[in-house]
Amino acid sequence: MFAHIIRRLLYTIPVVWGVVTVIFILMAVVPGDPARLMMGQRGDPATIERIRHDLGLDLPMTQQYTKFIGELMRGDLGMSYRNNEKVASAIATRFAATMRLTIWAMCLAVAIGITAGILSAAKPNSIFDYSAMFLAVLGVSAPVFWVGLLLLLLFAYNLGWVPGIGFGDGSWRYLLLPAVALGVRPAALIARLTRSCMLEVLSQDYIRTARAKGVKETLVILKHALKNAMIPVVTIIGTQVSELLSGAVLTETIFAWPGVGRLAVEALINRDFPMIRGTVIVMAMTFLLANLLVDISYGFFDPRVKYEDK
Amino acid sequence: MTENTSTLHHAALKVEAGESPVKEAWLRFKRNKLAMLGLVMTITIILAAIFAGALAPYDPVKQLIWTEGVKAKLASPSAEHLMGTDLYGRDILSRVLFGARISLQIGIFATLVTLLIGVPLGAIAGYKGGLYDDLISWLVNVVFAFPFILFVLAVVSVFRDPSLYIVFVAIGLVNWVSICRVTRSQFISLRNREFVEAAHALGLPSYRIIFRHILPNAIAPIIVQATMGMGAIITIEAGLAYLGFGAQPPTPSWGLMISEGQKFMAQGQWWWSVFPGLAIMYTVLAFSFLGDGLRDALDVRQKR
């Protein structure tokens, strides 16, 4: 187990290096001079030259790259072009908000998705099954930013149950709508997958045996079937992290949620390249870490997974 | 293993029915109600896009406030304007119809870019294996680690004025990984078959074996994946336009319309943002039903 974790960590290193390098190259080929961009029209050539030197933009590309990697190793993501703020500390202050949003969205999605999936599979072709699966189909196909707007329209503007956009005092009432909006699609996917996996597991021999022994149906479903049906569901939760982080970019923009996603969009609008680079790197690292955790958690759901054999 | 049994099953069916594989797939497709629904929905979108000019009651960018006055400004849905009008008096229904052109255009061209990158890379990785496979798989993992929309945004931001061409190239540059994975796994399972060995023995060059001999046998899962990906691409484009990085005003893009209309939702003028969203949902649903139907009809990864 421990050896497996170490091995997985080692496999992740080249991917991390790739992510960092790809985004460095992407931001390096951007046309236009950042120093000129920072100073606007009023910069005189001498000042621009000084800024270029301060930012290390006068160095050859290879040296800029080694400098970038070196700083990155020390957790330094450079300076924002906009307001003389350190990229790393700007992200650090926003990161918790994004985590809070995505984790709650995922919790909601898992709770609702798995419950709906189990209930659907327990009584297939029932009215509940049809309506749940109909909603799931809609949930999978609706764009997250549009769902967010509809939720705002209904619950904030029309019914007034929750405040509209913003972080407010940070209470759950501000978190509710964005978390639901972001959770809709994963909830729908998880519900559909749970249903189909449960149906497959429930048709197997050991379930028939359990039923024949007279085990209560609730126990059959919750104890015998659920654990085996969860393996594909855990996998999809891992891949959903990527979609959640993508979705967070849009959700945070709609709800004016002070997270890394909105920071990234602001940076893109301002053409603040060190900030774009930093936010993308942090989000990609979060995804890689989440997948590592999901991978390790397989062992809990499926004891057949022998890490050493791989 | 499932692969083999399904192929055998396939062959048996074929002998019995004496039909070509395409016709056989179509017969299976026809029996699937959801698949047919997806096909009909897709056709309506294509027709809407082609005949938008004839179907749309108004010019999609014409600002009716100049001719009809204030009553055309943010008019609620009525017989005259079935989906209402926006702040400038543009007819929403006409804009939604023309929006189908933008979405389909992006969907088709981004899918082409996706296939152009993903299929050859997947084929090389799967067929050659070894170092090629390691390198390509590494690249797939790297691209996959980026949050999809943020990477597309970063690519788009490299260019000063985002045009639709840049948007679909950017989407293709990220989206190819899914096609690459599917192609790779197909090639891995096909590369040791007898017909490939025979082609080898004949001394055919690799590119000929890859494209003329293996690819036709690997095409079904690629088609399915590409169809399913259309919905994702259309959603991503809408997201980009919503954030202001895709289609620019006054283009009738669905994502852009949602973004333009959102500040009026709080005042109760919901139609500007709601109808384009429904159009996106309809399109995504159409391609997802179609993709599911194709998967079952073409016998891809069928477990039963």
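Residues numbered from 1 in each chain as written. Chains lettered and ligands numbered in written order. Predicted model: local features only at pLDDT ≥ 70, side-chain atom pairs only at ≥ 80, totals over all residues.

Peer 1: Just checking my understanding: could you explain the overall build of chain A for this structure?
Peer 2: Broken down by element type, chain A carries 12 helices and zero strands. In chain A, the order of α-helices and β-strands from amino to carboxyl end is α-α-α-α-α-α-α-α-α-α-α-α. Dimensions of chain A, computed from the C-alpha atoms along their principal axes, are close to 85 × 55 × 30 Å. Within chain A, the fraction of its 310 residues that count as buried is 38%. (Helix = DSSP H or I, 4+ residues; strand = E, 2+ residues; numbered from the N terminus. Buried ≥ 20, exposed ≤ 12 C-beta atoms within 10 Å, placed from the backbone.)

Peer 1: When you look at the nonpolar core in this model, what are you seeing that I'm missing?
Peer 2: Soluble globular proteins tend to pack their nonpolar side chains together in the buried interior. Counting 166 residues, the largest nonpolar core has Ala264 and Val280 of chain A together with Leu150 and Val152 of chain B as its most contacted members. Element by element, the count of residues in this core is highest for helix α8 (residues 172-202) of chain A, at 17 residues. Sequence-distant contacts of Val152 of chain B, defined by excluding residues within four places in its chain, comprise Ala170, Ile171, Val174, Ile236 and Leu240 of chain B. (Core = buried A, V, L, I, M, F, W, Y, C linked by C-beta atoms within 7 Å. Contact = placed C-beta atoms within 7 Å.)

Peer 1: Help me out: how do you make sense of helix α1 (residues 2-28) of chain A in this one?
Peer 2: Along an α-helix, residues three or four apart share an orientation, since each turn contains 3.6 residues. The terminal C-alpha atoms of α1 of chain A, which comprises 27 residues, lie 39 Å apart, in line with the 39 Å expected from a rise of 1.5 Å per residue. Ile13 of chain A marks where α1 of chain A bends most, by close to 25°; the proline Pro14 of chain A follows one to four residues later. (Expected span 1.5 Å × (residues − 1). Bend = angle between axes of the 7 residues up to and from the residue.)

Peer 1: Would you explain the interface of chain B and chain A in this entry?
Peer 2: Note: interface size is frequently given as the accessible area lost on complex formation between the parts. Listed per partner, the contact involves 33 residues of chain B and 38 residues of chain A. Listed by contribution, the elements that provide at least two residues to the side of chain B that touches chain A are α7 (130-145), α8 (148-158), α11 (206-243) and α13 (271-297) of chain B. By residue class, the composition of the side of chain B that touches chain A is 23 nonpolar, nine polar and one charged. (Nonpolar A, V, L, I, M, F, W, Y, C, P; charged D, E, K, R; others polar.)

Peer 1: Please clarify how α11 of chain B should be interpreted in this entry.
Peer 2: Residues and elements named next belong to chain B. When the terminal C-alpha atoms of α11 are compared, their 45 Å separation across 38 residues is substantially less than the 56 Å that a helix rising 1.5 Å per residue should span. Approximately 65° is the largest bend angle found in α11, and it occurs at Leu215, with the proline Pro216 only one to four residues beyond. With its phi angle positive at about 95°, Gly244 sits one or two positions after the end of α11.

Peer 1: Hey, could you run me through the packing of helix α6 (residues 127-141) of chain A against α13 of chain B in this one?
Peer 2: Look at α6 of chain A against α13 of chain B: their axes get within 8 Å of each other, and the N-to-C directions meet at 110°. By the angle between their directions, the pair α6 of chain A and α13 of chain B is classed as roughly perpendicular. Residues Val137, Leu138, Val140 and Ser141 of chain A of α6 of chain A pack against Met281, Val284, Leu285 and Ser288 of chain B of α13 of chain B. Taken together, the residues of the contact of α6 of chain A with α13 of chain B break down into six nonpolar, two polar and no charged. (Axes fitted to C-alpha atoms, helices over the stretch in contact; angles between N-to-C directions. Parallel < 35°, antiparallel > 145°, perpendicular 65-115°, else oblique.)

Peer 1: It is not clear to me how the packing of α8 of chain A against helix α10 (residues 217-254) of chain A should be interpreted in this structure. Could you clarify?
Peer 2: Each pair of packed helices can be summarised by the angle the axes make with each other and by the distance between the axes. Residues and elements named next belong to chain A. At a closest axis distance of 9 Å, the pairing of α8 and α10 adopts a crossing angle of 160°. For the element pair α8 / α10, the angle class is roughly antiparallel. Classified by chirality, the crossing of α10 by α8 is right-handed. Residues belonging to the contact of α8 with α10 are distributed by class as follows: 18 nonpolar, five polar and two charged. (Left-handed = near helix turned anticlockwise from the far one by under 90°.)

Peer 1: How should I be thinking about the environment of Lys67 of chain A in this particular structure?
Peer 2: Residues and elements named next belong to chain A. As for its placement among the helices and strands, Lys67 is situated in helix α4 (residues 61-73). Residue classification places Lys67 among the partly exposed positions, given that 13 C-beta atoms sit within 10 Å. Residues Lys67 and Pro14, 53 residues apart in the sequence, show an inter-C-alpha distance of 19 Å.

Peer 1: Is there a simple way to explain the environment of Ile210 of chain B in this structure?
Peer 2: Residues and elements named next belong to chain B. One can find Ile210 in helix α11. Along the chain, Ile210 and Asn141 lie 69 residues apart, while their C-alpha atoms are 23 Å from each other. Excluding anything up to four places from it in sequence, Ile210 contacts Ala123, Tyr127 and Leu215.

Peer 1: Teacher, can you tell me more about unusual backbone geometry here?
Peer 2: The phi torsion of most residues other than glycine is negative, and most of the peptide bonds are trans. Cis geometry is adopted by the peptide bond preceding Pro250 of chain B, which originates at Pro249 of chain B and carries an omega value of 0°. Here Pro250 of chain B is to be found in the loop between α11 and α12 (254-261). Not every positive phi belongs to a glycine, and Arg271 of chain A is a case in point at roughly 55°. Position of Arg271 of chain A among the secondary structure elements: in the loop between α11 (260-270) and α12 (273-301).

Peer 1: Can you help me understand the environment of Ala220 of chain B in this one?
Peer 2: All names here are of chain B. Considering the arrangement of structural elements, one finds Ala220 in helix α11. Overall, Ala220 belongs to the partly exposed group, with 19 C-beta atoms counted inside 10 Å. Remark: the alpha-carbon pair of Ala220 and Leu294, spanning 74 residues in sequence, is separated by 8.5 Å.

Peer 1: So what exactly am I meant to see when it comes to the confidence of the model for chain B here?
Peer 2: Residues and elements named next belong to chain B. Per-residue confidence for chain B gives a mean pLDDT of 85; residues scoring 70 or more make up 92%. Here residues 1-8 is modelled with pLDDT under 50, and outside its nearest four sequence neighbours on either side it reaches four contacts, counting other chains as well. Listed scores for the predicted complex are pTM 0.86 and ipTM 0.84. (pLDDT = per-residue confidence, 0-100.)

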